[in-house]
Amino acid sequence: MTKVDQQRLQRLQTKMQQEGLAALICRLPENVVYLTDYWPHHGFSVAVMPQEGKAVLFLPEIEEEYAKPDWAEVIPFGWGLLKDADLYDNHLKNLSEIKKRFNLSGKKVGVEKTFEIVGPTYRAAEPVIPAAPWNNLLADLFSDAELVDIADLIMPLRAIKTPYELDKLRTANEIAELGMQAAMEQLEPGMTEAGVGALVEYTIRAKGPGHKGARLMRASAEVGAGPVGSTKGTLLVPSTGYTIQDGDIVMIELATVVDGYWSDLTYVSVAGNKSQRQREVYNTVLDAQMAAAEKMKAGNTFSDPDTAAREVLKQAGLEEYFVHITGHGVGLRYHEFTPVLMPGLDGILEAGMVSSVEPGVYIPDFGGIRIEDNVAVGEEGPIFLSTPRKPW
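All figures in this text were calculated on a predicted structure; none of them were measured in a lab. The residue count restarts for each chain, going from 1 along the sequence in the order it is written. Confidence filtering applies because this is a predicted model: local features only for residues at pLDDT of at least 70, side-chain atom pairs given and counted only at 80 or more, and all residues used for totals across whole chains, interfaces and linings. Side-chain measures here rest on the full set of heavy atoms in the structure, leaving out hydrogens and waters.

What follows concerns the side chain of Arg389. Put simply, DSSP marks the helices as runs of H or I at least four residues long and the strands as runs of E at least two long, and each gets a number from the N terminus on. Looking at the secondary structure, you find Arg389 in the segment after β16 (382–384). On the basis of relative accessibility, which here comes to 12%, the residue Arg389 falls in the buried class. By the criterion applied in these results, polar contacts are pairs of N or O atoms within 3.5 Å in which, for protein atoms, one can donate a hydrogen and the other can accept it, and in which residues neighboring in sequence qualify only through two side-chain atoms. Engagement of the side chain of Arg389 in a polar contact is seen with the backbone oxygen of Glu372, the distance being 2.8 Å. Of the polar contacts made by the side chain of Arg389, one reaches the side chain of Asp373; its length is 2.7 Å. We call two residues contacting when some pair of their heavy atoms lies within 4.5 Å. When neighbours within four sequence positions are excluded, Arg389 is seen to be in contact with Thr266, Tyr267, Tyr282, Leu286, Ile371, Glu372 and Asp373. Categorising residues by exposure relies on relative accessible area from a 1.4 Å probe, with only protein chains included: less than 20% of the type maximum marks a residue as buried, more than 50% marks it as exposed, and the intermediate range marks it as partly exposed.

Listed below in structure tokens is the structure:
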């Protein structure tokens, strides 16, 4: 038996009842995960959540062993082989049966209309995004129903993580840290940025499967080194063939997804011996991060963690070098939009929200240092889902 996150499903169906939605029909991988705890491989799966009862999950038959019957009624269909019917013929057949089963004629049905940034499937090499063929199919089949966008319904629910989801995010962070630990242990002058990134990704893919039952994972590590390369960490830029020199600051930004749940971490080290100034700046950024994390408490505003981090850096004369926000939501996507930890936002942190906490400074002719962990908002204070760093 698979553990089912009844809390999140009940919250969702209660909200559907309040909004008068008879069903949700989802194709985007992140929403399929939310409804069924199944991370699609190819992007052709369809999850249908009725107002009451268990979800229905249509998926290519080759993926069936990864689905969880305790979460959803799993209905496989043929896809990709000569024996199989056309994909959209299958979608039409399956959804026509769903329409009859749940009596959706004349009802309000939730669909995905306004998602522009989306989490990938496992097969990230070829993303599948529902577009005109899918939208036209829905419009024709449900011409006698009311199709409404679900973004404003589902995203606030997704922002408040349940204990089940926090455990999944903690596992994703533990697997991500396997890669980071390998890099910290093996980093030395002469390696390239790209080589360090490859080491991180290899370790995660090689050692992650099986950790606390994890099955499928992907990782993307971007490495910036030296007084110029590490300052590019203000934005996500590709690793290069730059050869790391003795004394270089090396920053690793890592996105990791494990069975549909994400981790977002940044580690920093030095190739060779650390200078006194590097230690001073690193430890100040760490103090700023800890000050921000302490504000990850229910009832504080979205801006409180950011303010706390900037005050520490201001006292050290480093505030001008902190040029981005302090954090963003993390969950079923690498970057989620609730909460956002930045100046001027008065949204209220609620228990169960999860954010990166990642102050950083980027100093010309010195380099960039950012420290990033994933932290949940608790009633009494922060709940670290990743392992806090230690001072240098």
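Right, let's get into the packing of helix α6 (residues 163–186) against helix α7 (residues 193–207). For helices, the axis comes from a line fit to the C-alpha atoms of the stretch in contact; other axes are also lines fit to C-alpha atoms, and the angle between any two N-to-C directions lies between 0 and 180 degrees. In contact at an axis separation of 8 Å, α6 and α7 are set at 135° when each is read in the N-to-C sense. The angle between α6 and α7 falls in the class oblique. Between α6 and α7 lies a crossing whose hand is right-handed. Contact residues: α6 offers Ile175, Ala176, Leu178, Gly179, Met180, Ala182, Ala183 and Gln186, while α7 offers Val196, Leu199, Val200, Thr203, Ile204 and Lys207. Its residues assigned to classes, the contact of α6 with α7 comprises 10 nonpolar, three polar and one charged. An angle below 35 degrees is read as roughly parallel, one above 145 as roughly antiparallel, one from 65 to 115 as roughly perpendicular, and any other as oblique. Two helices cross in a left-handed way if the nearer one is turned anticlockwise from the farther one by less than a right angle. They cross in a right-handed way if the turn is clockwise. Polarity classes work like this: nonpolar for Ala, Val, Leu, Ile, Met, Phe, Trp, Tyr, Cys and Pro, charged for Asp, Glu, Lys and Arg, and polar for all others, with Gly in that last group.

Let's shift gears to the packing of helix α2 (residues 29–36) against helix α5 (residues 151–159). Where α2 contacts α5, the axes come no closer than 12 Å and their chain directions differ by 65°. Overall, the two elements α2 and α5 adopt an arrangement that is roughly perpendicular. As α2 runs across α5, the sense of the crossing is left-handed. For the pair α2 and α5, contact is made by Glu30, Asn31 and Tyr34 and by Ile154, Leu157 and Arg158, respectively. For the contact of α2 with α5, the residue count by class is three nonpolar, one polar and two charged.

Attention now moves to the pattern of salt bridges. Salt bridge, as used here: a side-chain nitrogen of Lys or Arg that lies within 4 Å of a carboxyl oxygen of Asp or Glu. A complete count under the given rule lists 22 salt bridges for this structure. The residue Arg215 makes a salt bridge to Glu65 at a minimum N-O spacing of 3.4 Å. Placement of Arg215 in the loop between α7 and β7 (217–225) and of Glu65 in the loop between β3 (55–60) and β4 (72–77) is noted, with a sequence separation of 150 residues between them. Using a relative accessible area of 40% as the deciding quantity, one classes Arg215 as partly exposed. Arg389 is paired through a salt bridge with Asp373; the nearest N and O atoms lie 2.7 Å apart. Note that Arg389 is positioned in the segment after β16 and Asp373 in strand β15 (residues 373–377), a separation of 16 residues in sequence.

Looking now at the packing of aromatic side chains. Two aromatic rings from Phe, Tyr or Trp, using only the six-membered ring of Trp, form a pair when their centres are within 6.5 Å; if the ring planes differ by under 30 degrees the pair is stacked, by over 60 it is edge-to-face, and anything between is tilted. Evaluated as defined, the whole model comprises five aromatic pairs. With centroids separated by 3.7 Å and ring planes inclined at 5°, the aromatic side chains of Tyr282 and Trp392 adopt a geometry described as stacked. With Tyr282 in helix α9 (residues 276–294) and Trp392 in the segment after β16, this pair connects stretches of sequence that are 110 residues apart. According to the relative accessible area criterion, Trp392 is partly exposed, its value standing at 21%. Lysine NZ or arginine CZ positioned within 6 Å of the ring centre and within 35 degrees of the ring normal marks a charge as sitting over the ring. Over the ring of Trp134 we find Arg27; its NZ or CZ atom is 4.8 Å from the centre of that ring. Above the ring of Tyr267, the side-chain terminus of Arg389 is found at 3.8 Å from the ring centroid.

Such coordinate-based values are descriptive only and should not be taken to indicate function.
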